[in-house]
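So you can see what is in the structure, the chains are spelled out below.
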Amino acid sequence: MDIPFSRWHLAIEKRRSRRYFDLNLSMAPEALTALDKVCSQFVPFPHARSRLVTESADSVFKGIIGSYGKVRDAPAFIALIGNMDDPFVQEKVGYTGEGIILEATALGLNTCWVAGFFRPEIVASLIEVSNKERVLAITPVGYAHQFESWQEKLMTGFGRSHNRRALSKLVRGLPREKWPDWVNPSLEAARLAPSAANRQPWGLDVQDDGITVFVGTMGPEFNVSKRLDCGIAMLHLEVAALNSGCKGEWEFLPSPQVAKFKIRS
Ligand SMILES: Cc1cc2nc3c(=O)[nH]c(=O)nc-3n(C[C@H](O)[C@H](O)[C@H](O)COP(=O)(O)O)c2cc1C
């Protein structure tokens with residue numbers, strides 16, 4: 001499936017994590033069909049996939065302690081699954097999952113990446129998962145309450161969890177005056193990517209022939225690979241590059257680099 005870049009580019013600005021859903025608003029059958037279709041068709045890498053599960057997500061969070069990860073009343077969820085034999089599985093699942101999340105956003109649905117704070121064994125009991133695969137993350141889907149409750153506002157630090165670092169803190173390489181037109185919007189889109197605990201672990205290296213995404217922050221991973229976050233930023237970067245008329249390919253790289261978006265000449 002080709003990336004519907006103008007549709008997903010608009011969704012990058014619109015998307016934000018929502019955790020409390022409205023039980024009274026059921027998803028329209030057309031939205032479910034469209035979501036199921038994108039899950040089966042957006043498979044950019046053979047070792048990463050997604051599955052829509054049209055069952056309440058509550059059982060998947062049952063018994064999880066603490067407020068982070070608390071998701072309530074979502075009527076459905078999407079499992080994001082990777083084949084652990086692939087050395088680049090984390091970034092591939094991040095990239096694939098964010099495509100599905102941007103499509104859900106474009107359909108008017110709400111989502112929230114959750115990795116670490118859910119019960120993968122419950123998810124695996126609801127879908128088929130081979131012994132090489134793991135459910136690395138999920139996202140609830142549905143319609144969130146129109147207005148955030150106090151509890152949800154507290155959880156997001158009254159919107160602070162949506163703040164991002166300045167581009168100047170993330171970027172190295174070619175000086176700004178030498179950037180071709182597609183570079184700035186692509187870096188901006190990568191900057192807006194969501195990440196676990198909003199840690200924004202990515203760095204972005206601008207070169208003559210493309211942009212390399214690398215893990216740019218030290219510190220513990222807390223059970224969720226920073227390469228997963230970087231895969232999400234990669235998808236944002238490519239969506240914006242395409243939207244600026246620039247096509248390219250990803251070359252996966254060993255740690256601490258993640259992948260280079262090489263422009264097609
Ligand atoms: C890989 C990943 C894992 C996440 N895990 C959780 C989680 O377990 N619980 C949760 O409430 N939010 C989780 N989030 C949501 C982040 O906290 C959120 O994306 C970040 O604070 C930025 O906020 P925004 O998505 O509203 O822009 C996760 C996000 C990512 C990308």
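A quick note: this is a predicted structure, and the numbers were derived from the prediction, not measured.

1. Considerations on the sheet that holds strand 1 (residues 48–53)
- Strand order in the open sheet made by the three strands is 1-2-3, with antiparallel pairing throughout. In the strand order of this sheet, the two ends are held by strand 1 and strand 3 (133–141), each with one partner. Averaged over all neighbouring strand pairs, the angle between strand axes comes to 25 degrees, with direction disregarded.
- Of the strand pairs in this sheet, strand 1 and strand 2 (residues 76–83) are connected by six bridges, and their pairing is antiparallel. Among the inter-strand pairings, arginine 49 is bridged to a residue of strand 2, identified as isoleucine 81.
- Contacts from helix 2 (residues 29–41) reach strand 1, strand 2 and strand 3, with the element oriented near 160 degrees to strand 1.

2. Brief notes about the packing of helix 4 (residues 89–106) against helix 8 (residues 226–243)
- One can describe the packing of helix 4 onto helix 8 by two numbers: an axis separation of 6 Å at closest approach and a directional angle of 45 degrees. Between helix 4 and helix 8, the interaxial angle falls into the category oblique. Judged by the twist between their axes, the crossing of helix 4 over helix 8 is right-handed. Within the contact between the two elements, helix 4 uses Gln90, Glu91, Lys92, Val93, Gly94, Tyr95, Glu98 and Gly99 and helix 8 uses Arg227, Leu228, Asp229, Cys230, Gly231, Ile232, Met234, Leu235 and His236.
- Each residue belonging to the contact of helix 4 with helix 8 can be placed in one class, and the counts come to seven nonpolar, five polar and five charged.

3. Structural notes on the packing of helix 7 (residues 183–191) against helix 8
- Closest axis-to-axis distance for the helix 7/helix 8 pair is 7 Å, and the angle between their directions is 150 degrees. Classed by the angle they form, the pair helix 7 and helix 8 counts as roughly antiparallel. The way helix 7 lies across helix 8 gives a crossing that is right-handed. Residues Pro185, Ser186, Glu188, Ala189 and Ala190 of helix 7 pack against Ala233, His236, Leu237, Val239, Ala240, Ala241 and Asn243 of helix 8.

4. Thoughts on the domain arrangement of the protein chain
- The domains assigned to the protein chain are domain 1 (5–155) and domain 2 (164–263).
- Each of domain 1 and domain 2 has a C-alpha centre, and these two points are 22 Å apart.
- Of all the elements in the fold, those that place two or more residues in the side of domain 1 that touches domain 2 are helix 1 (5–14), helix 4 and strand 3.
- The leading source of residues in the side of domain 1 that touches domain 2 is helix 4, at eight residues.
- Split by residue class, the side of domain 1 that touches domain 2 holds 10 nonpolar, seven polar and three charged.

5. Some words on the nonpolar core
- Ranked by size, the top nonpolar core spans 71 residues in total, and within it Ile138 and Leu237 carry the most contacts.
- At 11 residues, helix 8 tops the list of elements feeding residues into this core.
- Three or more residues apiece are contributed to this core by two domains, here domain 1 (5–155) and domain 2 (164–263).
- For leucine 237, the residues in contact, after removing those within four places along its chain, are Ser186, Ala189, Ala190, Ile211, Val213 and Phe261.

Conventions used here
Residues numbered from 1 in each chain as written. Predicted model: local features only at pLDDT ≥ 70, side-chain atom pairs only at ≥ 80, totals over all residues. Pairing = 2+ DSSP bridges. Helix = DSSP H or I, 4+ residues; strand = E, 2+ residues; numbered from the N terminus. Axes fitted to C-alpha atoms, helices over the stretch in contact; angles between N-to-C directions. Contact = placed C-beta atoms within 7 Å. Parallel < 35°, antiparallel > 145°, perpendicular 65-115°, else oblique. Left-handed = near helix turned anticlockwise from the far one by under 90°. Nonpolar A, V, L, I, M, F, W, Y, C, P; charged D, E, K, R; others polar. Domains from an automatic or database assignment. Core = buried A, V, L, I, M, F, W, Y, C linked by C-beta atoms within 7 Å. Buried ≥ 20, exposed ≤ 12 C-beta atoms within 10 Å, placed from the backbone.

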